[in-house]
Amino acid sequence: VQLQASGGGLVQTGGSLRLSCAASGRSFSSYGMGWLRQAPGKECEFVAAISGSGGSTYYADSVKGRFTISRDNAKNTVYLQMNSLKPEDTAVYYCAARRPGIAPISRWGRPNEYDYWGQGTLVTVSS
């Protein structure tokens, strides 16, 4: 699976952005997908995840109620709608995929749960 993230940019506090991640390869719907981010000088942290069917989602507490993850399996694409952005959301955002497995989505909150990573897209939120 190859992943290509896009949609990052500069936005003011309170603004919105939508990130996209296009996947190549077969059986996209069998992969759980996640968004993770890394701020300057900080470790990579989990943001959101979605199951292969799109029926289950999971969010970090820091983004719950502001961000929405979704996917369109017909287009091999996963999205992250980010609203009410804050300066602390500034980071490089990565989309990632995990091979099918039995772990519940609540266990997908660590970077090492993901097998394939895209190149990242920078989101900068100005105060």
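Residues numbered from 1 in each chain as written. Predicted model: local features only at pLDDT ≥ 70, side-chain atom pairs only at ≥ 80, totals over all residues. Heavy atoms only, no water.

> What should I look at first to understand the pattern of salt bridges in this one?
Opposite charge on two side chains makes pairing possible when the charged atoms of those side chains draw close. Counting across every chain of the model gives 7 salt bridges. With its nearest N and O atoms 3.1 Å apart, the salt bridge here joins D61 to K64. The partner of D89 in a salt bridge is R66, with the nearest N and O atoms 2.7 Å apart. Placement of the pair is D89 in the loop between β8 (77-82) and β9 (91-98) and R66 in the loop between β6 (57-59) and β7 (67-72), with a sequence separation of 23 residues. R66 gets classed as buried once you look at its relative accessible area, which sits at 11%. What you see here is one network of salt bridges that share partners, running through R37, E45, R66 and D89. (Salt bridge = Lys/Arg side-chain N within 4 Å of Asp/Glu carboxyl O. Helix = DSSP H or I, 4+ residues; strand = E, 2+ residues; numbered from the N terminus. Buried < 20%, exposed > 50% of the residue type's maximum accessible area, 1.4 Å probe, protein only.)

> Explain the sheet that holds β7 to me, please; I cannot follow it from the model alone.
By definition, the strands of a sheet pair up through backbone hydrogen bonds, in either a parallel or an antiparallel sense. Taking strand neighbours across the sheet as the criterion, the 4 strands line up as β1-β3-β8-β7 in an open arrangement whose pairing is antiparallel. Each of the sheet's edge strands pairs with one partner strand only, and the pair in question is β1 (2-6) and β7. Strand-to-strand twist across the sheet, computed as the mean angle between neighbouring axes with direction ignored, equals 15 degrees. Examined bridge by bridge, β7 and β8 share 6 bridges and lie antiparallel to one another. Note on β8: the bridge partner recorded for S70 is Y79. (Pairing = 2+ DSSP bridges. Axes fitted to C-alpha atoms, helices over the stretch in contact; angles between N-to-C directions.)

> Can you walk me through the packing of aromatic side chains in this structure?
The geometry of an aromatic ring pair comes down to the distance between the two centres and the angle between the two planes. Within this structure, the stated rule accounts for 4 aromatic pairs. Considering the side-chain rings of Y94 and W117, the 6.1 Å spacing of their centres and the 70 degrees angle between planes classify their relative orientation as edge-to-face. You can see Y94 sitting in strand β9 and its partner W117 sitting in strand β10 (residues 116-117), a full 23 residues away along the chain. We classify W117 as partly exposed; its relative accessible area is 35%. By way of ring pairs, the aromatic residues Y94, Y114 and W117 are connected into one cluster. Positioned above the aromatic ring of F28 is the side chain of R71, whose terminal nitrogen or guanidinium carbon lies 4.4 Å from the ring centre. (Phe/Tyr/Trp six-rings, centres within 6.5 Å; stacked < 30°, edge-to-face > 60°. Lys NZ or Arg CZ within 6 Å of the ring centre and 35° of its normal.)

Limitation: the analysis is restricted to geometry and does not speak to function.
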